[in-house]
Amino acid sequence: MPDSLSNMIACPKCDALHNVPRLSPGAQAKCVRCGTVLMAPRENAMTQIVMLATTALILMVAAVFFPFLELSTHGLGRKSSVFDAILAFSDGLMLPLSFAVAALIVVLPVIRFIALIYVFAPMALGWSPARHARDAFRLAEAIRPWAMAEIFIIGVAVALVKVAGLAQVTLGPAFWAFVGLVIVTILKDNFMCRVTVWQTLNARSPS
């Protein structure tokens, strides 16, 4: 056993303590009790995360401002974007809901993407971590459960199933941008080994 807990990791599922192993890219470390993957470093993961986070930012701009869908019925049609959906709740007592929608599906995901680029871009280039990189990564992890772009697209899909029988629905480019955004976000999170990130930040940060 080490003299302190600094070289140990707790399983997120069963809380079993393990010594932090040294793994080569492509290897995995699993909990001896429940089998949960604790570490899974990947080759060139930092570069891939930066590229995916940048792609996600570009897709977010398209998803917010391009037409999301068009509803047509009885010769009448209306196009709307995510920005229009946010502004739809901006009157009266619904204003807090407008802020919540904007924060959960746009603002928090954008902050997380920017924070991850800030953390990983210098290290992907072989430089020392940026100033306050630890705080930025801690922020990105703290807001991860609240960045709900994927929940939004699931909710839209459920709503479209119900609306399809009442009107003709045409999906716009922003819808597919949002779908791409969700896929890119999932890939980015799967590439990230958080224990390895903290190890790298501690190893490369100036003492």
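### Structural notes on the pairing of strand β6 (residues 76-80)
Counting buried positions along β6 yields zero of five residues, so the element is predominantly exposed. The sheet contact formed by strand β5 (residues 69-73) and β6 spans five bridges and is antiparallel. When the bridges of β6 are listed, Ser72 appears paired with Gly77. The hairpin turn running from β5 into β6, its antiparallel successor, is two residues long, and His74 in that turn takes a positive phi close to 55°.

### With respect to the packing of helix α3 (residues 95-124) against helix α4 (residues 133-143)
Axis separation between α3 and α4 bottoms out at 9 Å; the angle between their running directions is 150°. The crossing of α3 and α4 is left-handed. Residues Leu108, Ile111, Arg112, Ala115, Leu116, Tyr118, Val119 and Phe120 of α3 touch α4, and the partners they reach there are Ala133, Ala136, Phe137, Leu139, Ala140, Glu141 and Ile143. Classifying every residue of the contact of α3 with α4 by side-chain character gives 13 nonpolar, no polar and two charged.

### Considering the sheet that holds strand β7 (residues 168-171)
The antiparallel open sheet is built from three strands, whose spatial order is β6-β5-β7. One side of each edge strand has no neighbouring strand; the edge strands of this open sheet are β6 and β7. Sheet twist, expressed as the mean angle between neighbouring strand axes with direction ignored, is 15°.

### What about the pairing of β5?
Across four bridges, the pairing between β5 and β7 is antiparallel. Each residue of the ladder has a partner; that of Leu69, found in β7, is Leu171.

### Side note on the environment of Pro96
In this fold, Pro96 is placed in helix α3. Residue classification places Pro96 among the exposed residues on the basis of a relative accessible area of 55%.

Conventions we followed
- Residues numbered from 1 in each chain as written.
- Predicted model: local features only at pLDDT ≥ 70, side-chain atom pairs only at ≥ 80, totals over all residues.
- Heavy atoms only, no water.
- Buried < 20%, exposed > 50% of the residue type's maximum accessible area, 1.4 Å probe, protein only.
- Helix = DSSP H or I, 4+ residues; strand = E, 2+ residues; numbered from the N terminus.
- Pairing = 2+ DSSP bridges.
- Axes fitted to C-alpha atoms, helices over the stretch in contact; angles between N-to-C directions.
- Left-handed = near helix turned anticlockwise from the far one by under 90°.
- Contact = heavy atoms within 4.5 Å.
- Nonpolar A, V, L, I, M, F, W, Y, C, P; charged D, E, K, R; others polar.

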